[in-house]
2 protein chains.
Amino acid sequence: MTKRALPPVVARMWGRDTGSRHGPRPSLDLARIIDAAIGIADREGLAGVRMSSVAAQVGMATMSLYRYVGSKDELLTVMADAATPEPPTLDGRPWRVYLAAWTQANRDFLVDRPWLLSLAHHTPPTGPRTLRWLDRALTALAPTELDLGQRINIASTLTGYATTQATLSHSMITAAAATATATTSAAGDGSITGLADYGDILDQVLDPEDYPELTAAVRSHAFGTAEKWIDDADFTFGLDLLLDGIETLITRRG
Amino acid sequence: MTKRALPPVVARMWGRDTGSRHGPRPSLDLARIIDAAIGIADREGLAGVRMSSVAAQVGMATMSLYRYVGSKDELLTVMADAATPEPPTLDGRPWRVYLAAWTQANRDFLVDRPWLLSLAHHTPPTGPRTLRWLDRALTALAPTELDLGQRINIASTLTGYATTQATLSHSMITAAAATATATTSAAGDGSITGLADYGDILDQVLDPEDYPELTAAVRSHAFGTAEKWIDDADFTFGLDLLLDGIETLITRRG
DNA sequence: AGGTACAGCGTACGAGATACAGAGTACCGG
DNA sequence: CCGGTACTCTGTATCTCGTACGCTGTACCT
């Protein structure tokens, strides 16, 4: 009736396999393929994940993978969920303490596997792992009397924050590395200049008239070095901003 | 000395062209190419942006584009900045009012051009447009006595929030559409069932034992329909959370 | 006037995803 | 116990794209 067929990707993520047992038994399971793909992504980045490379990793022919996944996109989607760890356990902690840990853990695994950032946009959360994160956040907020809509919003906001921070530190590091590379080929002398700061680039490019405050920020080294962006201080600073906002909301309503 | 060559992409974004005038004059400028590419992305999405399609659009041969951009990646990077509008003008508004408008405008243009979301991760902000957004936020916060590091953090957090919200509504809409498509081919009857709700999918898949709060949320229709995710109410709710947090910080310090 | 650096472009190649078809295999019903 | 059939695995072929290379002509320089 109202029950419609699930999108194939979703079905596979939840192990809803229509197992009409006939013919030869499959020699692998989806899990092994996913593990192989994740391993490659960890080692070489998303670009290294080709149908051929994954197949080679599990010892099959390229086309055999299509018995297990409908397309490369589908593989990536399933990978993304599988690569997400379990959320921290609640252990009766108060919401603020738990959500701080939750958000931090969220950022941490994104920093560990930056390739997850590139997959985030394509799919809404429909995998078991991702949804468990959401469920735990809702649970932590259950005692607060906030309605479910608000709780969902809070969870999304915090995930967003984690993602943003992870993206930021990742792109800073990447940029620094890329600049270092590009710089190498610049002039007659072949000396490698090391990691160029993001601030350096901005400084060369900004017109102080047009970007007054930003110029000041660059000049005062507010961007710091690449390492600054992995530092926890900045992260918790912003996180506290958010948690303060949530706390304001809760007390206002209590 | 300390002055190093800029990465080529960055140089081009700022119009630093090494103009050694010799030979035939270029028959186009980079701007026209970028406009064409943006037009295609708006119409067909990022997937429609091929070197060949862009070239066709401006009436040139594919390979001619490489006189203007170093690679497709470079084109995409430059596109992303060019497609970003100017930030709202400050007009002497207090920081909270301005930043609310700023964040909303930020989200709005991401919703207008969802393909910008897919490009956000690859590059740190180094384009004139993107940096102007940052500068304006810093300017709005100038009267607050916060130091530049904190102001930068606040700006990043708000951009992140805008991005998250835009991503969310976009992926919800996409998911609904995709489900509708996938559903069509399901059973014997060929009737198209229309847009399936995100909640519907979750409901079919969740085990109430494992996802207690989430199940409750789905059952109480807290996810609403696809339209809900474009609604401003949710957006401003979360935004106020953030702004409250920032306000707390400011008063605490003042 | 003639040289040279640079614009535009046709062709060719290589990577990577996937359609298709053939060959073998294990469970089915009889 | 046997043919049939659905399903597995795989090799080959194709199609789409990005981009290296080299040719041709042109306009500015001296």
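Going by an unreviewed UniProt entry, chain A carries the name TetR family transcriptional regulator and comes from Plantactinospora mayteni.

> I would appreciate a short explanation of the confidence of the model for chain A in the present structure.
When pLDDT drops low, the exact placement of atoms in the prediction is not to be read closely. Residues of chain A with pLDDT of at least 70 account for 84%, and the chain-wide mean is 85. Per-residue pLDDT stays below 50 along residues 183–195 of chain A; that stretch engages in 10 contacts with residues further than four places along the chain or on separate chains.

> Please clarify how the pattern of salt bridges should be interpreted in this entry.
For side chains of opposite charge, pairing can occur when their charged atoms come near one another. Per the stated rule, a full pass over the model turns up 28 salt bridges over all chains. Where arginine 151 of chain B meets glutamate 213 of chain A, a salt bridge forms, and the shortest distance between an N and an O atom there is 3.1 Å. Remark: glutamate 213 of chain A occurs in helix α10 (residues 212–219) and arginine 151 of chain B occurs in helix α8 (residues 148–184); the pair is interchain, linking two chains. The salt bridge involving glutamate 74 of chain B is made with arginine 12 of chain B; its shortest N-O contact spans 2.5 Å. Highlighted residues: glutamate 74 of chain B in helix α4 (residues 72–82) and arginine 12 of chain B in helix α1 (residues 8–13), separated in sequence by 62 residues. Judged by relative accessible area, glutamate 74 of chain B falls into the buried class, the value being 7%. Its relative accessible area of 25% is what places arginine 12 of chain B among the partly exposed residues. Each of the salt bridges in this network shares a partner with another, and the network as a whole consists of Arg96, Asp240, Asp244 and Glu247 of chain A together with Arg252 of chain B.

> What is the right way to read the interface of chain B and chain A from this model?
In many analyses, interface size is given as the accessible surface area lost on bringing the parts together. Across the contact, 75 residues belong to chain B and 76 residues belong to chain A. Both sides of the chain B and chain A interface together cover about 6,600 Å² of buried area, and 65% of this is carbon and sulfur. Our count for the chain B to chain A interface comes out at six salt bridges. Notably, a salt bridge pairs arginine 132 of chain A with aspartate 210 of chain B, separated by 2.6 Å at the nearest N-O pair. There are 16 residue pairs in polar contact (both at pLDDT 80 or more) connecting chain B and chain A. With 20 residues, α8 of chain B is the largest single contributor of residues to the side of chain B that touches chain A. When its residues are assigned to classes, the side of chain B that touches chain A shows 41 nonpolar, 21 polar and 13 charged.

> Quick question: what am I supposed to make of the protein's contact with DNA strand C here?
With respect to spatial proximity, 24 residues lie near DNA strand C, and among them Arg25, Tyr66 and Lys72 of chain A together with Ser27 and Tyr68 of chain B are the closest. Protein-adjacent atoms of DNA strand C, using a 4 Å cutoff, are sugar or phosphate at a proportion of 68%. Interatomic distance of 2.9 Å between a side-chain N/O atom of tyrosine 68 of chain B and a phosphate oxygen of DNA strand C.

Calculation rules
Residues numbered from 1 in each chain as written. Chains lettered and ligands numbered in written order. Predicted model: local features only at pLDDT ≥ 70, side-chain atom pairs only at ≥ 80, totals over all residues. Heavy atoms only, no water. pLDDT = per-residue confidence, 0-100. Contact = heavy atoms within 4.5 Å. Salt bridge = Lys/Arg side-chain N within 4 Å of Asp/Glu carboxyl O. Helix = DSSP H or I, 4+ residues; strand = E, 2+ residues; numbered from the N terminus. Buried < 20%, exposed > 50% of the residue type's maximum accessible area, 1.4 Å probe, protein only. Buried area = accessible area lost by both parts, 1.4 Å probe. Polar contact = N/O pair within 3.5 Å; in protein donor to acceptor, adjacent residues only side chain to side chain. Nonpolar A, V, L, I, M, F, W, Y, C, P; charged D, E, K, R; others polar. Near = heavy atom within 4 Å.

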